[in-house]
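# Coordinate analysis (summary)
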Amino acid sequence: MSRRAGAPARGHRIALAAAAAWAASTALAQPLPYESDDLHLGPATCATSVCHGKVSPDETSNVLLNEYRTWSNDDYHSRAYNVLRSEESRRMAERLGLGNATTAQVCLDCHADNVPVERRGEKFQISDGVGCEACHGGAERWIESHAEEGATHQDNLARGMYPTEQPEARARLCLSCHVGTEHRFADHDIMAAGHPRMSFELETFTVNQPAHYEIDEDYVRRKGEIGSVNMWVTGMVMKAERQLALIRSERFEGHGIFPELAFFDCHACHHPMDALRMHSTPVTSGLPPGMVRLDDSSFQMLLAIADVLDAPIGERLRERTRDLHRATARGRGALQGAAGELDGAVDALRRFVAGHDYSAGEMRRMRELLLARAGEGRYGDFTSAEQAFLAVETLSIVLDDAGAVASVLDVWFESLANEHEFDPGAYAAAARRVSAALN
Ligand code: HEC
Ligand code: HEC
Ligand code: HEC
Ligand code: HEC
């Protein structure tokens, strides 16, 4: 699992400009970069030394202008195509009968900017991996104008630049590869062929992507500033919505009598038989022993958030999450219906939290609740355990006491070091030590 790389969190206040942008972003759902009709010109187009290819940051410009360097030297996205050339990928493709991973559509969709050939400009190269335009949108209509004197961010957006600064839009973008969509998805076949399990949390991954931008005064004036807690909550809401949409889509059809297994808690099946770990099953899902549980880690996080912010939404989420679990014991139609109901509850929370200004008291109560539930053993499945840790870490950084409890946080993180040997008891005990250290 990837933990936050240690960069400081951004304060919990959202600047006014960001609140306005937020409102605008919920009104219109921009097409994702791969969905729009614009040509993708390729990173080489952005990389010259007068543009984004400088060796070090440019003091005179409002953007750094060495973005290409950061991306090509330090960012995993520039290597995403190259990993398809690895021995690991070769074996994966062979097991899946895909031929070569570097030409398999299913791999390229997430490991490159795989727009159709007719939407690729002259300098476009698929081997550039997840390039600038895979996130910022095809540059055809803004490549000239965005560098002109007086061009505003709004002008760029109107010409097809993707609003990566807006939390919901960013979440949709990152999730389109880090969780998947109906069109691109790493299913259990791909997992069983050797693909790493996907794990995503927007705030942590935002911090962990080597920054090719600087949130300074000028940035905040142009784009606003989104607090870390807003990023975490928005990411979790959007991830839950994405999972529910996928459960309701054709993606849920697996093979033969089995549904798509990638929607379930991996370790519900993949754990040794001699370790009886009935932990979270009865408490959170209301399912009898032996049922394969859906991965409900995002819903568990939303519950802790809503229980603090708005009790009725929290109650609705709790009931609908339980209904979702129970529906897996009834059949596919029942499950998809329950997913629709839960989606309604998640959407109520999404509207509640859009632009919400979190008080220190709210953040403290969320952290207490997460730690209390972790300490009671409620996050007994690895994915929820992992998400609860990341949430507590982010909240502690923003509340500015992460340093004071660093050693107990480290011990807690250690209990997540190996998902195959995850011991829910040790995890819960380590959570209780964090609680104790904070009190
Ligand atoms: C839905 C998007 C998606 C699909 C489809 C997909 N991948 Fe991935 N892949 C990812 C993401 C995201 C990661 C990074 C996971 C992480 O670290 O959280 C990744 C990681 C990997 C890694 C590990 C990379 C490393 O640095 O260790 C390999 C190897 C890999 N993928 C190969 C493949 C191959 C081969 C295919 C096609 C059979 C494929 N992937 C299909 C999204 C995808
Ligand atoms: C994986 C997604 C991703 C990729 C790939 C990516 N960016 Fe970004 N970029 C972001 C995010 C997220 C931000 C921060 C939000 C924002 O300001 O829009 C950002 C911000 C920027 C900014 C704005 C800085 C400011 O002060 O307004 C520039 C310029 C930029 N990126 C250029 C590039 C270039 C050039 C490349 C390719 C060499 C690239 N980006 C690749 C996600 C990406
Ligand atoms: C077009 C697909 C795509 C998009 C969009 C995308 N990613 Fe990725 N991302 C990948 C792939 C594939 C990898 C794995 C690359 C590798 O390991 O070589 C990856 C790796 C990462 C990693 C490293 C993961 C680890 O385990 O260390 C981080 C962090 C990350 N992405 C953050 C983001 C963020 C934040 C966004 C949204 C702003 C985003 N990504 C958007 C495909 C994508
Ligand atoms: C409903 C039970 C179930 C769930 C849930 C499940 N799997 Fe599996 N998985 C299996 C079975 C059965 C096999 C085939 C085992 C074999 O071939 O020996 C398998 C095979 C695998 C393998 C290959 C193991 C090997 O020895 O070759 C991997 C890796 C894997 N799954 C990963 C995952 C991941 C990651 C998830 C969660 C996203 C997941 N599984 C969810 C049942 C499940």
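Here goes a summary of the coordinates provided. (Residues numbered from 1 in each chain as written. Chains lettered and ligands numbered in written order. Predicted model: local features only at pLDDT ≥ 70, side-chain atom pairs only at ≥ 80, totals over all residues. Heavy atoms only, no water.)

Here we come to the site of ligand 2. Every one of the 21 residues lining ligand 2 counts as a neighbour, but Cys 132, Cys 135, His 136, Thr 164 and His 212 are closest to it. At 3.3 Å from an oxygen atom of ligand 2 is found a main-chain nitrogen or oxygen belonging to Glu 165. In this structure, a nitrogen atom belonging to ligand 2 sits 2.8 Å away from a side-chain N or O atom of His 212. For the shell around ligand 2, the secondary structure elements donating two or more residues are helix H2 (67-74), helix H5 (132-136) and helix H10 (217-223). By residue class, the composition of the shell around ligand 2 is eight nonpolar, eight polar and five charged. (Near = heavy atom within 4 Å. Polar contact = N/O pair within 3.5 Å; in protein donor to acceptor, adjacent residues only side chain to side chain. Helix = DSSP H or I, 4+ residues; strand = E, 2+ residues; numbered from the N terminus. Nonpolar A, V, L, I, M, F, W, Y, C, P; charged D, E, K, R; others polar.)

Another aspect to go through is the site of ligand 1. Around ligand 1 there are 21 residues in total, and Val 106, Cys 107, Cys 110, His 111 and His 195 lie nearest to it. Here a nitrogen atom of ligand 1 and a side-chain polar atom of His 111 are 2.8 Å apart. The side chain of His 195 places a nitrogen or oxygen atom 2.7 Å from a nitrogen atom of ligand 1. Sorting the residues of the shell around ligand 1 by element identifies helix H3 (87-96), helix H4 (105-111) and helix H7 (167-178) as the ones contributing at least two each. Tallied by class, residues from the shell around ligand 1 come to 14 nonpolar, five polar and two charged.

Time to look at the nonpolar core. Ranked by size, the top nonpolar core spans 73 residues in total, and within it Trp 232, Leu 302, Leu 317, Leu 324, Leu 370, Trp 412 and Tyr 427 carry the most contacts. Here the element with the most residues in this core is helix H11 (residues 228-248); it accounts for eleven residues. Leaving out residues up to four positions away in the same chain, Tyr 427 has contacts with Ala 374, Tyr 379, Ser 384, Ala 385, Ala 388, Phe 389, Trp 412, Ser 415, Leu 416 and Phe 422. (Core = buried A, V, L, I, M, F, W, Y, C linked by side-chain atoms within 4.5 Å. Buried < 20%, exposed > 50% of the residue type's maximum accessible area, 1.4 Å probe, protein only. Contact = heavy atoms within 4.5 Å.)

Our next topic: the coordination of the iron atom of ligand 2. The protein atoms donating to the iron atom of ligand 2 are His 136 (NE2) and His 212 (NE2), with metal-donor distances spanning 2.0 Å. What the six donor atoms of the iron atom of ligand 2 show is an angle range of 88 to 179° at the metal, which sorts the shape as octahedral. In this pair, His 136 is assigned in helix H5 and His 212 in the loop between helix H9 (202-208) and H10, connecting sequence segments 76 residues apart. (Donors = N, O, S within 2.8 Å, 3.2 Å for Na, K, Ca; no water. Tetrahedral: all angles 85-135°; square planar, octahedral: opposite > 155°, others 65-115°.)

Here the focus is the pattern of salt bridges. Under the defined criterion, the tally for this structure stands at 21 salt bridges. For Asp 218, the salt bridge is made with Arg 221, and the minimal N-O distance between the two is 3.9 Å. Within this pair, Asp 218 and its partner Arg 221 are both found in helix H10, separated by three residues, close to a single helical turn. We note a salt bridge from Arg 332 to Glu 253, for which the minimum N-O separation is 2.6 Å. On the criterion of sequence distance, the pair formed by Arg 332 in helix H16 (residues 332-353) and Glu 253 in the loop between H11 and helix H12 (266-269) is long-range, its members being 79 residues apart. (Salt bridge = Lys/Arg side-chain N within 4 Å of Asp/Glu carboxyl O.)

It is at 9 Å that the axes of helix H14 (residues 297-309) and helix H17 (residues 360-375) come closest, and there the two elements cross at 135°. By the angle between their axes, H14 is oblique relative to H17. By crossing handedness, the relation of H14 to H17 is classed as right-handed. Residues Met 301, Leu 303, Ala 304, Ile 305, Asp 307, Val 308 and Leu 309 of H14 touch H17, and the partners they reach there are Glu 362, Arg 365, Met 366, Leu 369, Leu 370 and Arg 373. Looking at side-chain class alone, the contact of H14 with H17 contains nine nonpolar, no polar and four charged residues. (Axes fitted to C-alpha atoms, helices over the stretch in contact; angles between N-to-C directions. Parallel < 35°, antiparallel > 145°, perpendicular 65-115°, else oblique. Left-handed = near helix turned anticlockwise from the far one by under 90°.)

So, on to the side chain of Ser 297. Along the chain, Ser 297 turns up in helix H14. For Ser 297, a relative accessible area of 1% translates into the label buried. Dropping the residues within four chain positions of it, Ser 297 is found in contact with Thr 383, Ser 384 and Gln 387.

A word on unusual backbone geometry. Comment: phi is negative for the bulk of residues other than glycine, and the bulk of peptide bonds are trans. At Leu 65, a residue that is not glycine, the phi angle is positive and equals roughly 70°. Checked against the element boundaries, Leu 65 lands in the loop between helix H1 (16-27) and H2. In this structure, Asp 400 is a non-glycine residue whose phi angle is positive, near 65°. Exposure remark for Asp 400: the relative accessible area of 69% places this residue in the exposed category.

Moving on to H7. Over its twelve residues, H7 runs 16 Å from end to end, which matches the ideal 16 Å to within 8%, given 1.5 Å per residue. A large share of H7 lies buried, amounting to ten of its twelve residues. Pro 167, Glu 168, Ala 169, Arg 170, Ala 171, Arg 172, Leu 173, Cys 174, Leu 175 and Ser 176 are the residues of H7 that are buried. At the exit of H7 stands Gly 180, carrying a positive phi of roughly 115°. (Expected span 1.5 Å × (residues − 1).)

All right, on to the state of the cysteines then. The full count for this structure, using the stated rule, is zero disulfides. With no disulfide of its own, Cys 51 lies closest to Cys 46 among cysteine sulfurs, the gap being 8.0 Å. Note on Cys 51: relative accessible area 30%, which makes it partly exposed. (Disulfide = S-S within 2.5 Å.)

A few words now on the side chain of Arg 119. Mapped onto the elements, Arg 119 comes out in the loop between H4 and H5. No salt bridge is formed by the buried Arg 119. Its closest oppositely charged neighbour is Asp 37, at 4.8 Å. The contact partners of Arg 119, leaving out residues within four places of it in the chain, are Pro 33, Tyr 34, Glu 35, Ser 36, Asp 37, Asp 38, Leu 39 and His 40. (Lys, Arg positive; Asp, Glu negative; His and termini not counted.)

In this section: the environment of Ile 226. With respect to the helices and strands, Ile 226 occurs in the loop between H10 and H11. Here the alpha-carbon distance between Ile 226 and Glu 214, two residues twelve residues apart in the chain, equals 13 Å.

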